[in-house]
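# Report on the structure
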Amino acid sequence: MQNKLPIVYQIYPKSFYDTNGDGIGDVQGIIEKLDYLQYLGIDMIWLTPIFTSPQRDNGYDVADYLAIDPVFGTMESVETLIQEAKKRDIGIMFDMVLNHTSTEHAWFKRALKDPQYQDFYFFREKPTNWESKFGGNAWEYVESLNLYYLHLFDVTQADLNWEHEPVFQALVDVVNFWLDKGIQGLRFDVINLVSKPNPDTFEDDFEGDGRRFYTDGPRIHEHLHRLNQETFGKYPNITTVGELSSTDVQNGVAYATPENKELSTIFNFHHLKVDYKDGKKWELMPFDFLQFKTLMKTWQDAMAANNANMSLFLNNHDQPRSVSRFGNDQEYPFESATALATAMQLMRGMPYIFQGEEIGLPNAYFDSIDDYRDVESINYYEILRTSMSDNEALEILRQRSRDNSRTPIPWDDTIHHGFTTGTPWLGLTKYPNVQTVADNLDNPNSVFHYYRKLIALRKTLRIIESGSITFEAMDHPELMIYTREYNGETIVVVINFYGNTVAYQPKQNVKEILLSNVGRTTLTATCELKPYEACVYAITA
Ligand code: TEU
Ligand code: CA
């Protein structure tokens, strides 16, 4: 069966596999692990940015969109990667960071010298009180110009002005350059922030951090439609995904509605804020399961109603590891990793696996600020320390830092778990009983082999990609239950999200158990679901 929506495996190249001993993963490392990824069964690899960059934000600060950063490899190595992946029926998805450039980019340097180029960015005489997403004010003063420039992220990430036509055309050329190289997918970083109004109209935001001025801005749908028409829309079968920062359902769905010809899919993050206390990332709270289910249902229903597709994911390079965050990596590492995978992968949409997720990799468990490398984590550590003890601040980082997901992949039991022969740029996870890739491959009951089964199921049952979805038992405090239906076939997915035993009685007549993470093969009239049990039933019509 040919799926329309690929199963995407996300690689954070720095931490995947290092082949030259400099402690940093590289393109050659990805090439060497393609057979592993083919065996897993994925269809596409999303690489976070590998363009030339000072690496202040690990490649999201691009200094040259048309060149490969030498730390990762060469243009030739990327061409080889594209070819070698293609031989294995795997497409390559590139990460386009078009909202901002590094201040090392030629455009920014030129803007500093030649006033004609200032329109490439947002320069103002007076800053507003908007906050950077990485902490602090979003404007930086340039003494030589006596002007401030806007940076919604790091001070070295200057926001581009999409209202200035030469900017738009330059970005179109960038996207087409990579499409001509044969990439099959595009991920657009924080793409719903690119439509900013005229900077003369920017005002202080006394109710929030400024995001209402630039999120899902006035011309955003127009910009994306034009980008589609002038780049990927001209090529057959390009998969696109827009990363959306604090969007709403209406805009989120519109970006992905096929008739609008904007993007094929989107990432939204509302379901990954259910453990933010009062919406604040740096304040801890156990996750709100009922809110999680409500958000999934809201987005799944809205997407289905518009024949649109969303991304299905709990992990990426910006998020803590799901098994530590929503599961129980101490007592039920296998069960909770596989339960979460089942819950997400069998919904309606495009599924993602973030490197390490397929082996149940937990958080970093770092115990000192010196272990961290992420610019956001380091900034916020300083901010947190002004109001709390070192231990309290470190506990928050242990749960919230982006470095939790960025630790190198433990491949085997050799030095540095086989990631590098040198010194890793970021330490490996300090979790005590790490199951390496080699351990996972050897053990037929590992998280890895369970992922293979899940992927195989999506590829054999049309219902998973194309069926409708109906959520049940929305107020059940421990179970997530949803039904998928297609062409008279029905399956039911039941997940116990907690470590208790829970009684469950299927409403329909069960024909067969299609998948279980606890080895259940037959179903009794009432069933005691085990901790973190996931069960997929086929139902008799
Ligand atoms: O992230 C956008 C974004 O807003 C986040 O997920 C961000 O990391 C979070 O809000 C911080 O609390 C994208 C990239 O995925 C991220 O790695 C980059 O740092 C960011 O854009 C800037 O390019
Ligand atoms: Ca390397």
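The preceding data block contains the structure.
Structure report, in brief.

Rules behind the numbers
- Residues numbered from 1 in each chain as written.
- Chains lettered and ligands numbered in written order.
- Predicted model: local features only at pLDDT ≥ 70, side-chain atom pairs only at ≥ 80, totals over all residues.
- Heavy atoms only, no water.
- Salt bridge = Lys/Arg side-chain N within 4 Å of Asp/Glu carboxyl O.
- Helix = DSSP H or I, 4+ residues; strand = E, 2+ residues; numbered from the N terminus.
- Buried < 20%, exposed > 50% of the residue type's maximum accessible area, 1.4 Å probe, protein only.
- Pairing = 2+ DSSP bridges.
- Axes fitted to C-alpha atoms, helices over the stretch in contact; angles between N-to-C directions.
- 1 Å grid on protein atoms, 1.4 Å probe; cavity = no way out; pocket = protein on both sides within 12 Å on 5 of 7 lines; lining within 4 Å.
- Points joined across faces, edges and corners; volume = space filled by probe spheres on them.
- Nonpolar A, V, L, I, M, F, W, Y, C, P; charged D, E, K, R; others polar.
- Donors = N, O, S within 2.8 Å, 3.2 Å for Na, K, Ca; no water.
- Expected span 1.5 Å × (residues − 1).
- Contact = heavy atoms within 4.5 Å.
- Polar contact = N/O pair within 3.5 Å; in protein donor to acceptor, adjacent residues only side chain to side chain.
- Near = heavy atom within 4 Å.
- Core = buried A, V, L, I, M, F, W, Y, C linked by side-chain atoms within 4.5 Å.

Our focus in this paragraph is the pattern of salt bridges. Pairing of side chains with opposite charge becomes possible as their charged atoms draw close. Tallied over the full model, the rule gives 34 salt bridges. A salt bridge links arginine 187 to glutamate 243; its shortest N-O distance comes to 3.2 Å. You can see arginine 187 sitting in strand 11 (residues 185–188) and its partner glutamate 243 sitting in strand 12 (residues 239–243), a full 56 residues away along the chain. Residue arginine 187 shares its accessibility class with glutamate 243, and that shared class is buried. Between arginine 226 and glutamate 230 there is a salt bridge whose closest N-O contact spans 3.4 Å. Pair noted here: arginine 226 and glutamate 230 are both in helix 7 (residues 220–230), with a separation of four residues, about one helical turn. Here glutamate 230 falls in the partly exposed class, since its relative accessible area comes to 23%. Each of Asp57, Lys281, Asp318, Asp374, Glu376, Arg402 and Arg406 takes part in one network of salt bridges that share partners.

What follows is about unusual backbone geometry. We note that lysine 261 has phi near 50°; this positive angle belongs to a residue other than glycine. As for its position among the elements, lysine 261 is in the loop between helix 8 (249–256) and strand 13 (265–267). Lysine 261 sits in the partly exposed class, given a relative accessible area of 45%. Unlike most non-glycine residues, asparagine 307 shows phi in positive territory, near 55°. Here asparagine 307 is to be found in the loop between helix 9 (289–305) and strand 14 (309–312).

This brings us to the sheet that holds strand 14. Two pairing modes exist for strands in a sheet, parallel and antiparallel, and in both the strands are linked by backbone hydrogen bonds. Strand order in this closed barrel of eight strands is 1-2-5-11-12-13-14-15, and the pairing throughout is parallel. Sheet twist, expressed as the mean angle between neighbouring strand axes with direction ignored, is 25°. Pairing of strand 12 with strand 13, which is carried by three bridges, proceeds in the parallel orientation. For glycine 242, the partnering residue across the bridge sits in strand 13 and is isoleucine 266.

Let's shift gears to empty space enclosed by the protein. Scanning the model with the defined rule gives two cavities of 30 Å³ or more in all. The volume enclosed by the largest cavity comes to roughly 120 Å³. Taken together, 17 residues line the largest cavity, and the ones lying closest to its centre are Asn315, Ser322, Ala337, Glu357 and Tyr451. Element by element, the count of residues in the lining of the largest cavity is highest for helix 11 (residues 333–345), at five residues. Counted by class, the lining of the largest cavity contains eleven nonpolar, four polar and two charged residues. By volume, the second largest cavity amounts to about 40 Å³. In terms of lining residues, the second largest cavity is bounded by Tyr12, Pro13, Lys14, Thr48, Pro49, Gln55, Asn58 and Phe72.

Within the first shell, the calcium ion (ligand 2) binds the protein through Asp18 (OD), Asn20 (OD1), Asp22 (OD), Ile24 (O) and Asp26 (OD), at distances of 2.3 to 2.4 Å. Between the donor residues of the calcium ion (ligand 2), the gaps in sequence give the motif D-x1-N-x1-D-x1-I-x1-D. Classification of isoleucine 24 as buried rests on a relative accessible area of 17%.

A separate point is helix 9. Taking 1.5 Å as the rise per residue, helix 9 with 17 residues should run 24 Å; its terminal C-alpha atoms sit 24 Å apart, in good agreement. Taken residue by residue, helix 9 has Phe289, Phe292, Lys293, Leu295, Met296, Trp299, Gln300, Ala302 and Met303 as its buried positions. Buried-residue contacts for helix 9 involve helix 8, strand 13, strand 14, helix 11, strand 16 (468–472) and strand 17 (479–486). Between a side-chain oxygen at the N-terminus of helix 9 and the backbone nitrogen of leucine 290 the separation is 3.3 Å; the capping residue is aspartate 288. Positive phi shows up at asparagine 307, right after helix 9, with a value of about 55°.

Here we come to the sheet that holds strand 22 (residues 534–539). Strand order in the open sheet formed by five strands is 16-17-18-22-20, with antiparallel pairing between adjacent strands. Looking at the sheet topology across the chains shown, the edges are occupied by strand 16 and strand 20 (510–516). Direction aside, the axes of adjacent strands within the sheet are offset by 25° on average. Pairing of strand 18 (residues 489–496) with strand 22 involves six bridges; the strand directions are antiparallel. When the sheet's bridge partners are listed, valine 492 is paired in strand 22 with tyrosine 537.

Taken together, 16 residues lie around ligand 1, and Asp57, Asp189, Asp318, Glu376 and Arg402 are the ones closest in. Aspartate 57 places a polar side-chain atom, nitrogen or oxygen, 2.5 Å from an oxygen atom of ligand 1. Side-chain polar atom of histidine 100 to an oxygen atom of ligand 1: 2.9 Å apart, as the coordinates give it. Across the shell around ligand 1, the residue classes tally to four nonpolar, three polar and nine charged.

A word on the nonpolar core. In this structure, Ile42, Phe94, Met96, Trp178, Phe188 and Met480 are the most contacted members of the largest nonpolar core, which totals 150 residues. Sequence-distant contacts of isoleucine 42, that is, excluding residues within four places in its chain, are made with Ile7, Tyr9, Leu37, Ile90, Ile353 and Ile455. By size, the runner-up hydrophobic cluster in this structure holds 14 residues, among which are Phe134, Leu150, Val190 and Phe202.

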